[in-house]
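Here is what each chain is made of, one letter per residue.
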Amino acid sequence: MSSTQERFRRATLILARSGSIKNRLQQAYATQLEDLEPDEVPSVIREDLEALHRDLRRARPLPGEDAVRATIRKLSESEADELAATVVGMYGRVSEIQAVLRFDNQLPRAHVQLVAAEA
């Protein structure tokens, strides 16, 4: 899952940079998330990822462009903002899960250290 977290982190960093939201959304999606399969992500964001894929591939492309570029071109600024916020939200949820997993993995060691200190 950490590679999934890293991909969302990089997408979020792209979204945080300057430039038009449509350009940042297109770059973040195309370089980090477009080929990410729903079964590669935690179940809590699977539906959101599937919806993002659908939402960014719904327009019919013009000659020489793909469906993602066509869709983003047709989005309003507000729609692009919402989709960008969805990406950032997914990153947050993946990061929370990763933090819990790290914490859970540390519990046995912490318990062993505590028991050893009491002996």
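Look up: the structure comes first, before these words.
(A) Broad picture of the overall build of the protein chain. Within the protein chain, the secondary structure is distributed over five helices and zero strands. Across the protein chain, helices and strands are ordered from the amino to the carboxyl terminus as α-α-α-α-α. Across the 119 residues that make up the protein chain, the buried fraction comes to 34%. Intrachain contacts of the protein chain at a sequence separation of at least 6 include 59% that bridge at least 24 residues. Counting only carbon and sulfur atoms, one obtains 52% of the accessible surface of the protein chain, whose full area is about 7,400 Å².

(B) Up close: the pattern of salt bridges. One pass over the structure, following the stated rule, counts six salt bridges. For E6, the salt bridge identified is with R9, shortest N-O distance 2.7 Å. Of this pair, E6 and R9 both sit in helix 1 (residues 2-16), three residues apart, which is roughly one turn of the helix. For R9, a relative accessible area of 32% puts it in the partly exposed group. Put simply, E65 and R73 hold a salt bridge, and the shortest N to O gap is 2.6 Å. Under the relative-accessibility criterion, R73 is labelled partly exposed at 39%. Overlapping salt bridges bring together E6, R9 and R10 as one network.

(C) Layout of the side chain of R24. Note on placement: R24 falls in helix 2 (residues 21-33). Buried charge without a partner: R24 forms no salt bridge, and the closest opposite charge is D81, 5.8 Å away.

(D) How the structure looks around helix 4 (residues 67-74). Along helix 4, the residues that are buried comprise V68, A70, T71 and I72. Elements in contact with the buried residues of helix 4: helix 2 and helix 3 (43-55). Its side-chain oxygen 3.3 Å from the backbone nitrogen of V68, D66 forms the N-cap of helix 4.

(E) Spotlight on the nonpolar core. Within the largest apolar cluster, 24 residues are counted, with the highest numbers of intra-cluster contacts made by F8, L25, L33, L52, L56 and V87. The element contributing the most residues to this core is helix 5 (residues 77-118), with six residues. For F8, the residues in contact, after removing those within four places along its chain, are L33, L36, V41, I45, L49, V87, M90, Y91 and V94.

(F) Molecular detail of the environment of T12. Topologically, T12 is positioned in helix 1. With relative accessibility at 16%, the residue T12 sits in the buried group.

(G) Summary view of the packing of helix 2 against helix 4. At a minimum axis separation of 10 Å, helix 2 and helix 4 run at an interaxial angle of 155°. Here helix 2 lies roughly antiparallel to helix 4, going by the angle between them. Here helix 2 runs over helix 4; the crossing is right-handed. Each of K22, L25, Q26 and Y29 in helix 2 lies in contact with helix 4, whose residues at this interface are V68, R69, I72 and R73. Of the residues that constitute the contact of helix 2 with helix 4, the class distribution is four nonpolar, one polar and three charged.

What counts and what doesn't
- Residues numbered from 1 in each chain as written.
- Predicted model: local features only at pLDDT ≥ 70, side-chain atom pairs only at ≥ 80, totals over all residues.
- Heavy atoms only, no water.
- Helix = DSSP H or I, 4+ residues; strand = E, 2+ residues; numbered from the N terminus.
- Buried < 20%, exposed > 50% of the residue type's maximum accessible area, 1.4 Å probe, protein only.
- Contact = heavy atoms within 4.5 Å.
- Areas by Shrake-Rupley, 256 points an atom, 1.4 Å probe, with all protein chains shown as cover.
- Salt bridge = Lys/Arg side-chain N within 4 Å of Asp/Glu carboxyl O.
- Lys, Arg positive; Asp, Glu negative; His and termini not counted.
- Polar contact = N/O pair within 3.5 Å; in protein donor to acceptor, adjacent residues only side chain to side chain.
- Core = buried A, V, L, I, M, F, W, Y, C linked by side-chain atoms within 4.5 Å.
- Axes fitted to C-alpha atoms, helices over the stretch in contact; angles between N-to-C directions.
- Parallel < 35°, antiparallel > 145°, perpendicular 65-115°, else oblique.
- Left-handed = near helix turned anticlockwise from the far one by under 90°.
- Nonpolar A, V, L, I, M, F, W, Y, C, P; charged D, E, K, R; others polar.

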